Amino acid sequence: MKVITKIPLSELPNTPPLVVDFLNSKLEFAQSFLWNNENIKAKIEEKQNQFSQTSRDTLVDVLRHQLQDLQLSEKQSANLKILEKPTSFTITTGHQLNLFSGPVFFIYKILQVIKSCEELNDKNTNQHFVPIFWMATEDHDFLEINHFKTEKSLYQFSEKAGNAVGRITITDLDFIKQFEKEFEDSLFGKDLIALLKSTFLLGESLTQATRKLVQNLFSDYGLLMIDGDCAELKKMMIPIFQQELFDNSLMNNTASTVTQIKNNYGKVQVNPREINLFYLSETRNRIEFYNNKFHIVDTDLSFTKEEISQELHAFPEKFSPNALLRPVFQEMILPNIAYIGGNAEIAYWLELPLYFQSINLTFPLLIPRNSFQILTEKVNGKIEKLGLSIRDFFDENPKLYQKIFTENHALSSTINENEELVKSAFQSLLSQASLTDKSYEQLVLAEQTRQLKSFEKMRKRLLKAEKIKHKEKLERIENLFELIIPNEIWQERQYNFSVYYSQFGRRWIADCYKNISVDNSNLIVVAQ
């Protein structure tokens, strides 16, 4: 694996403006959440003072219980022991329980957590840092997680939807036969097929399958997996859940931040609800309060205020946080100093600082995860032959096509020169237009707009003509686009890790780990 370039996420057009401003230190309220030495030191001190030994002991007991059926590596066993100490901390990422891990960025975000811990452990002798993978077992959108895709096939399984996905019992393994046919002749196909068969077993839960898969891939790195669907962990959340039910605490304490983000960026990633909790029974359903009762949406269940308080204290495991309250749950039960996530995750975390402050909970550092773009040497050679760079393919298409077909065109230069002359002429007119009545100035402005639009029309017509003239070159570029960004969706959001593992085995994971950035959020372009 050879690194071709690293493009900062802040320079990519599809990175949300909120995340760009966060990365560029332009969010005044988020300066203390950026990954740097000063903030790391501050978070360590803050979390150490806040996270009790009782919470730590509960966490370690739960982890030992949840991981008891696995053969832990030396690093994992050591990390479990280390977590008992008040000088140990975690860095966390989380993900849905997609079938066989889903899109390949699942791998990248876990590797970044591991490497971030390793680098901090190398720099710090007085503390220790443990990588944690939060399994999003309580999500209930089955259609989001019931599939994965390779270059040749879409794989799906059919199970009963509606409940927390981690509780789904696996009854459908038909997709494995199709998978075998695709990969049986690949270099590492047999290893890959064995991995799939050993992790997805009839009668086991999706939580068990995902835990075994992550264990197989990352145990040697010391990664620990945690499942929040647990009564002992949710007991720690009873006061927070009670506030949420009776005081609408999260919505009220995020209102000013949500308004600020909406005013500056047009929308927020997740809109807070009055009650940001679900109720878990045979299904996972929202809790709403109306007519002086708490109603479980789409069921016949309802509770008075007294009844739901009793239910919460007796059965905290039946209450499930939504996307906005889940970060609070995570930070409450872990000695966590940093969270690594995708752009959407970072965007909704940024809604929450004032809520964390209101409940006296340390808000972690936020790290937008690295992305990878994996090219073959052949594709990289074609890009270079066209006189382009891989960065060009992550610009908007019109911008790329203008660069290729018209940037150095003589007529394009003439259009630009004459446009500047027209602009200059109108500036001269406008400087004196105010000497007469207001309507004359408006006439000049309208005529300026009309004439400048004609230059844009000429550029578009020139580009169209050049694309027709160079039809063969255009087809080559479009074919490259499909190879690099298939269906106009980033490669890492489409393909499963099996596409790369089948060719390179565990060396591919090791190579990704080696090239992951820790101090910067990048799109890392590699050829192999």
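Check the entry above for the structure.
Residues numbered from 1 in each chain as written. Predicted model: local features only at pLDDT ≥ 70, side-chain atom pairs only at ≥ 80, totals over all residues. Heavy atoms only, no water.

**With respect to the packing of helix α5 (residues 105-123) against helix α9 (residues 206-218)**
At step 1: Their axes nearest at 12 Å, the elements α5 and α9 cross at an angle of 55°. In terms of their interaxial angle, α5 and α9 are classed as oblique. The element α5 and its partner α9 pack so that their crossing is right-handed. Contacts between α5 and α9 involve F106, I107, I110, L111 and I114 on the former and, on the latter, V214, L217 and F218.
At step 2: Taken together, the residues that form the contact of α5 with α9 break down as eight nonpolar, no polar and no charged. (Axes fitted to C-alpha atoms, helices over the stretch in contact; angles between N-to-C directions. Helix = DSSP H or I, 4+ residues; strand = E, 2+ residues; numbered from the N terminus. Parallel < 35°, antiparallel > 145°, perpendicular 65-115°, else oblique. Left-handed = near helix turned anticlockwise from the far one by under 90°. Contact = heavy atoms within 4.5 Å. Nonpolar A, V, L, I, M, F, W, Y, C, P; charged D, E, K, R; others polar.)

**Examining the side chain of N285**
At step 1: Its location among the elements puts N285 in strand β8 (residues 284-290).
At step 2: Given a relative accessible area of 9%, N285 falls into the buried group.
At step 3: For N285, the side chain forms a polar contact with the side chain of T283, separated by 2.5 Å.
At step 4: For N285, the side chain forms a polar contact with the main-chain oxygen of V297, separated by 3.0 Å.
At step 5: Among all residues touching N285, those that are not within four sequence positions of it are L277, F278, Y279, I296, V297, D298 and T299. (Buried < 20%, exposed > 50% of the residue type's maximum accessible area, 1.4 Å probe, protein only. Polar contact = N/O pair within 3.5 Å; in protein donor to acceptor, adjacent residues only side chain to side chain.)

**As for α5**
At step 1: Here α5 contains 19 residues, and its C-alpha end-to-end distance of 27 Å stays within 8% of the 27 Å for a straight helix at 1.5 Å per residue.
At step 2: Burial analysis of α5 places 15 of its 19 residues in the buried class, which makes it a mostly covered element. (Expected span 1.5 Å × (residues − 1).)

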